[in-house]
Amino acid sequence: MIKGSKLRGPIGRIGPYAVAVFLALGIIEGIATGNVPYSSFAFGCFFIVLGIIEYSRTKLFTYLVLGLLWGTGTWHSIARFFVSFLSVETYISHVIVSFSALALTWPVFFGNEKLESNARKLFNLAAEQVHDALNGFTDRPFSAAKAEYKRDEITGFARFLGGKKIVKSIIKQDVVILAFSMGISPIKEPDLKRISYVRFDSEENVSVHISEYDYKRFKEELTFDQLCASLGDVFINFLENYKKGMESRIFVELKSVAK
Amino acid sequence: MDFKTAAKLGAYFSKDYAQNIFELLVNYKDISASEAASRLSLHIQTVQDFLEAMTSLDILSKKEVHEKKRPYFRYALKKKKIIIDIDLASLLQKKQHEGMLSKRIRENKDSRARFTTARYDPYISSVTVWIGEGRERKERKISLTIPQGKFLYHLPFPTAEFMTLAEIMQKAEVDKIHAPEIIDIIEWLEKYGVIKVK
């Protein structure tokens, strides 16, 4: 549970704690029995299960590949004592491959973690202004408000937020979409039905879509139209700051809320 | 002529034997069902039904006569020209006059409808509702016209304030010329509990 946040904690957050617990368990078992720490099998299972869960949530293969490599790597560390064709050399090779995979997929892995973290901040920022919990979810976009902007301003704003990994920006001829999600990753070509986004069109209309997954991450069933309106206001406010050259205020606001 | 009368007339006119019966009626001063049936090699009940239907539509007249105390009807043409004239505009006016545009609506809570949004454009492209329960549950998907889609894009959320159809149309920038198709989809959605009318 995260203090101050209106959102449920992400499952990935248990990762560091679980690693610490499994390592401690392995050390204690090794010292107590003087044998190979069999708890490493459970440790390997943990990486694999975490990889599968994160893949099913984000739809990014990176998580699945890393989970499998790190999980089987952990198994490899003790399996070499029982399986004749495994050795220290094969284990080191496995570790090198695992770290290489992490290095190669780091932009995707880090980019997605950053996007998700910022999505949580955006939702928390919007939720600060919502005090009723009457639910009212619908998968239709919410027609938020009118905002004043020119084409170059809104595209610049979208590129700025995209570059800072606050959102994934999609810039089309007549529309700019700022996509974000706590579930399916918006990194790859996103399915807009399954992620949240704020849409700015050429006629200065702003509309907001919150996906069912993202809405269900809230601890309370916040009044949906108010939440959408508030999220629209957050982005319009960001846009105003950007137009005035006060981009730093966007970061201040994002940092001011719970993750 | 109203639409229902025209539809009934059309249904009878589409029968294979319709032209043959009318040929008899034009050439005979009057004719009974059994005479026409035997002449055309049809079942008497088929001809009887046809002649009765035409009588009810005021195209034929019938006269009861007796043959050795047995009564039967003889049919004669009342008019030699049948004009199907339907004023479709009357359907339109009827709905507009019902003050539909002043109805206050919003989406129903837990409507269980799925709205599919156009990928980058501000309108809903289709609505799917599920009818029935359990194994009897059926999916019903309606593809929307662009004005209908724009209208539904701006439909108030289940927890938002009710708005009149006219207000939503204005917000969605849908011209009043599209009002009938908006009313049509609203009636459909109301029927399946997707929208709530105040």
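Residues numbered from 1 in each chain as written. Chains lettered and ligands numbered in written order. Predicted model: local features only at pLDDT ≥ 70, side-chain atom pairs only at ≥ 80, totals over all residues. Heavy atoms only, no water.

**Comments concerning a positive patch on the surface**
Residues R104, K109, K196 and K198 of chain B make up a contiguous surface patch of positive charge. With respect to the secondary-structure elements, R104 of chain B resides in strand β4 (residues 104-107). (Patch = residues over 30% accessible without salt bridge, like charges linked within 9 Å, V, L, I, M, F, W, Y side chains within 5 Å. Areas by Shrake-Rupley, 256 points an atom, 1.4 Å probe, with all protein chains shown as cover. Salt bridge = Lys/Arg side-chain N within 4 Å of Asp/Glu carboxyl O. Lys, Arg positive; Asp, Glu negative; His and termini not counted. Charge placed at Lys NZ, Arg CZ, Asp CG, Glu CD. Helix = DSSP H or I, 4+ residues; strand = E, 2+ residues; numbered from the N terminus.)

**Remarks on the packing of helix α2 (residues 18-27) of chain B against helix α4 (residues 44-56) of chain B**
All names here are of chain B. Relative orientation of the contacting elements α2 and α4 amounts to 70 degrees, with a least axis distance of 11 Å. By the angle between their axes, α2 is roughly perpendicular relative to α4. As for how α2 packs across α4, the hand of that crossing is right-handed. Packed against α2, whose contacting residues are A18, I21, F22 and L25, the element α4 presents V47, F50, L51 and M54 at the interface. (Axes fitted to C-alpha atoms, helices over the stretch in contact; angles between N-to-C directions. Parallel < 35°, antiparallel > 145°, perpendicular 65-115°, else oblique. Left-handed = near helix turned anticlockwise from the far one by under 90°. Contact = heavy atoms within 4.5 Å.)

**Comments concerning the sheet that holds strand β8 (residues 163-164) of chain B**
All names here are of chain B. If you walk across this open sheet you meet the three strands as β8-β4-β9, and the pairing is antiparallel. On the outer flanks of this sheet lie β8 and β9 (195-197), each paired with one strand and no other. With two bridges connecting them, β4 and β8 associate as antiparallel partners. If you follow I105 over to β8, its bridge partner there is M163. (Pairing = 2+ DSSP bridges.)

**Quick word on the sheet that holds strand β3 (residues 70-77) of chain B**
Residue and element names in this part refer to chain B. The strand order across the open sheet formed by three strands is β1-β3-β2, and the pairing between neighbours is antiparallel. On the outer flanks of this sheet lie β1 (31-32) and β2 (60-67), each paired with one strand and no other. In terms of strand pairing, β1 meets β3 through two bridges, oriented antiparallel. Across the sheet, the residue bridging to I31 is Y75, located in β3. Packed on one face of the sheet, α2 meets β1, β2 and β3 and runs near 90 degrees to β3.

**Notes on the domain arrangement of chain A**
The accessible area lost on association of the parts is a frequent measure of interface size. Residue and element names in this part refer to chain A. We note that the domain assignment places domain 1 (11-112) and domain 2 (123-255) within chain A. Taken together, the contacts link seven residues of domain 1 with 10 residues of domain 2. Across the domain 1 to domain 2 interface the summed buried area is about 690 Å²; carbon plus sulfur atoms make up 59%. The largest contributions to the domain 1 side of the interface with domain 2 come from R57, K59 and G111, which together make up 58% of the buried area. Where domain 1 touches domain 2, the interface holds zero salt bridges. (Domains from an automatic or database assignment. Buried area = accessible area lost by both parts, 1.4 Å probe.)

**Considering the pairing of strand β5 (residues 114-117) of chain B**
On a regular strand, each side chain points to the face opposite its neighbour's, so the side chains alternate between the two faces of the sheet. All names here are of chain B. Bridge count for β5 against strand β6 (residues 124-131) is four bridges, and the pairing is antiparallel. Within the sheet, the bridge partner assigned to T117 lies in β6 and is I124. Counted along the chain from β5 to the antiparallel partner β6, the turn is six residues long.

**Comments concerning the interface of chain A and chain B**
Each partner contributes residues to the interface: chain A has 28 residues there, and chain B has 23 residues. In total, about 1,900 Å² of surface goes out of reach between chain A and chain B, with carbon and sulfur atoms giving 51% of it. In this structure, E107 of chain B and R140 of chain A form a salt bridge, with 2.9 Å as the shortest nitrogen-oxygen distance. Applying the counting rule to chain A against chain B returns 11 residue pairs in polar contact (both at pLDDT 80 or more). Of all the secondary structure elements, the ones that give two or more residues to the side of chain A that touches chain B are β1 (142-146), β3 (175-180), β4 (196-201) and α8 (224-243) of chain A. Within the side of chain A that touches chain B, the residues separate by chemical class into 12 nonpolar, six polar and 10 charged. (Polar contact = N/O pair within 3.5 Å; in protein donor to acceptor, adjacent residues only side chain to side chain. Nonpolar A, V, L, I, M, F, W, Y, C, P; charged D, E, K, R; others polar.)

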